[in-house]
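# Structural characterization, general
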Amino acid sequence: PRRIILDCDPGVDDALAILLAFATPEAVTVEAITTVIGNVMLDKTTANALRIRDLAGRSDIPIYAGCPRPIMAPIERKQSVHGGDGLGDIDLPAPASAIEAEHAVDAIIRIVRNNPGQITLCPIGPMTNIALALIKAPDIAKLIPEIVFMGGAAFRPGNSTPAAEFNFMIDPHAAQIMLTAGIPLTMFGLDVTAQALITKRWMDTVEAASGKVGRAAIAMLRAYGFGDPCLHDPCVIAHLIEPSLFDGVDAWVEVETTAPLTRGQSVAAVAPRHRPGHEPNCRVITSLDSPRLFDLLREKLISLG
Ligand code: BDR
Ligand code: CA
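Residues numbered from 1 in each chain as written. Chains lettered and ligands numbered in written order. Predicted model: local features only at pLDDT ≥ 70, side-chain atom pairs only at ≥ 80, totals over all residues.

Taking an unreviewed UniProt entry as the reference, the protein is identified by name as Nucleoside hydrolase belonging to Acidisoma cellulosilyticum.

Okay, structure coming up:
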């Protein structure tokens, strides 16, 4: 199995990504879950990671709280498509378990150093924790075999602004630090994740066949569903399980950090003439076998009972 650190801001689709990873131990070992500000404030994203871990009965997986704010960008709070509590306000119980004492940034550094070449990072929220780990401990860049992340929109408009996808918009500086760290990258931006469209029919089928965990997942999705009905974050985990579901192109990708109209925009240079002096830093995923992705998710959610 691929050993991962899942860095997240749950978030309904983050919760689905966590559950998909838990349901697939043959392909993915979750070494740690780390939390960051994003869909809601850090206290809530952290509580939500704990609530999902409790729901799935996986107290063996440590959770570390990370950064409560982006590096530079101001925190602008709009109404979240994830509900007031970040998980669709479905009345999931309050956490019955606790986080670890160590800060997420230190946990990332420690786990990577103790397992050189072994730990894939999977950021599915703003990349603040990842960037701070790379700043505090630059030696870890060559110990990380790959970062598979959800963020950006290489060849299409954003979802937060016309230019920017949400995770890159919240902390564009962190995204830029991650992109330019010299680590092999696989990008799940809106190019692909906006194709992972949830349908009511799929939710009905999963709900009818599920136990407690799958039913809670669908209840969250029904609440989230129609502000942004895409399973963005689970694509990252699905790729670790079944890479043949996806295809993409290699590009040199950077993020605009400053310009008022385009802050958070990812700019992907594919043609060599658009990236003088740069080899591609990123595999930009652009296509998806959506029926097979939703079959996989259905099967895995049902298997959680
Ligand atoms: C990303 O933003 C969040 O709302 C989702 O959890 C996902 O990580 C999509 O733009
Ligand atoms: Ca997310």
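Next up on the list: the overall build of the protein. For the protein, the helix and strand inventory stands at 11 helices and 9 strands. Taken along the three principal axes of its C-alpha coordinates, the protein extends 55 × 40 × 35 Å. By sequence separation, contacts in the protein at least 24 residues apart represent 84% of the contacts at least 6 residues apart. (Helix = DSSP H or I, 4+ residues; strand = E, 2+ residues; numbered from the N terminus. Contact = placed C-beta atoms within 7 Å.)

Attention now goes to the pairing of strand 5 (residues 147-150). Side chains I147 and F149 of strand 5 all project onto a buried face; the interleaved residues V148 and M150 project onto the opposite face, where all are buried too. Of the pairings in the sheet, the one linking strand 5 to strand 6 (residues 185-188) comprises 4 bridges and is parallel in character. For F149, the partnering residue across the bridge sits in strand 6 and is M187. (Buried ≥ 20, exposed ≤ 12 C-beta atoms within 10 Å, placed from the backbone. Pairing = 2+ DSSP bridges.)

Bringing the site of ligand 1 into the picture now. In the vicinity of ligand 1 lie 13 residues, with G11, D13, M150, F166 and H232 positioned nearest. For the shell around ligand 1, the secondary-structure elements that each account for two or more residues are helix 1 (12-22) and helix 5 (166-170). For the shell around ligand 1, the class distribution of residues is 3 nonpolar, 6 polar and 4 charged. (Near = placed C-beta within 6 Å. Nonpolar A, V, L, I, M, F, W, Y, C, P; charged D, E, K, R; others polar.)

The subject of this paragraph is the confidence of the model for the protein. Looking at the protein, the pLDDT average stands at 96 and 99% of residues meet or exceed 70. For this predicted complex, the interface confidence score (ipTM) comes to 0.99, while the overall pTM stands at 0.97. (pLDDT = per-residue confidence, 0-100.)

What follows concerns the environment of K300. Along the polypeptide, K300 turns up in helix 11 (residues 290-303). Given 23 C-beta atoms within 10 Å, K300 falls into the buried group. Separated by 123 residues in the primary sequence, K300 and I177 have C-alpha atoms spaced 34 Å apart. Not counting chain neighbours up to four residues away, the residues in contact with K300 comprise L20, A23 and T24.

For the rest of this paragraph, the subject is helix 2 (residues 42-56). Between the first and last C-alpha of helix 2 there are 21 Å, a value that for 15 residues agrees with the 21 Å anticipated at 1.5 Å per step. In terms of burial, helix 2 is largely enclosed, as 12 of its 15 residues are buried. Along helix 2, the residues that are buried comprise K44, T45, T46, A47, N48, A49, L50, R51, I52, R53, L55 and A56. Packed against the buried residues of helix 2 are strand 1 (2-8), helix 1, strand 2 (28-35), strand 3 (63-65) and helix 9 (212-224). Immediately downstream of helix 2, the backbone of G57 shows phi near 65°, a positive value. (Expected span 1.5 Å × (residues − 1).)

Our focus in this paragraph is the environment of G57. Considering the arrangement of structural elements, one finds G57 in the loop between helix 2 and strand 3. Judged by local crowding, G57 falls into the exposed class, with 12 C-beta atoms found within 10 Å. For G57 and D43, which are 14 residues apart along the polypeptide, the C-alpha to C-alpha distance reads 21 Å.

If you look at the biggest cluster of nonpolar residues, it comprises 105 residues, and the most contacted ones within it are L6, I18, L19, M178 and V236. Per-element accounting of this core gives the leading share, 9 residues, to helix 1. If we ignore the near neighbours within four places in the chain, the residues touching L19 are I52, A56, V213, A217, L301 and L304. (Core = buried A, V, L, I, M, F, W, Y, C linked by C-beta atoms within 7 Å.)

One can describe the packing of helix 1 onto helix 9 by two numbers: an axis separation of 9 Å at closest approach and a directional angle of 155°. With respect to helix 9, the axis of helix 1 lies roughly antiparallel. Once helix 1 is placed against helix 9, the crossing between them reads as left-handed. Of the residues in helix 9, those touching helix 1 at V12, A15, L16 and L19 are V213, A217, M220, L221 and Y224. Here the contact of helix 1 with helix 9 is built from residues that sort into 9 nonpolar, no polar and no charged. (Axes fitted to C-alpha atoms, helices over the stretch in contact; angles between N-to-C directions. Parallel < 35°, antiparallel > 145°, perpendicular 65-115°, else oblique. Left-handed = near helix turned anticlockwise from the far one by under 90°.)

Each neighbour pair has its own omega, and for P10 with G11 the value is -10°, a cis peptide bond. For G11, the position within the fold is in the loop between strand 1 and helix 1. Here D89, not a glycine, exhibits a phi torsion of approximately 50°, which is positive. For D89, the position within the fold is in the loop between strand 3 and helix 3 (104-114). The phi angle at D91 is positive, at roughly 65°, despite the residue not being glycine. Take D91: it is sitting in the loop between strand 3 and helix 3.

With that settled, the discussion passes to the packing of helix 1 against helix 2. Across the interface, helix 1 lies against helix 2 with an axial gap of 10 Å and an inter-helix angle of 35°. When the axes of helix 1 and helix 2 are compared, the crossing they make is right-handed. Contacts from A15, I18, L19 and F22 in helix 1 reach N48, I52 and A56 in helix 2. Its residues assigned to classes, the contact of helix 1 with helix 2 comprises 6 nonpolar, 1 polar and no charged.

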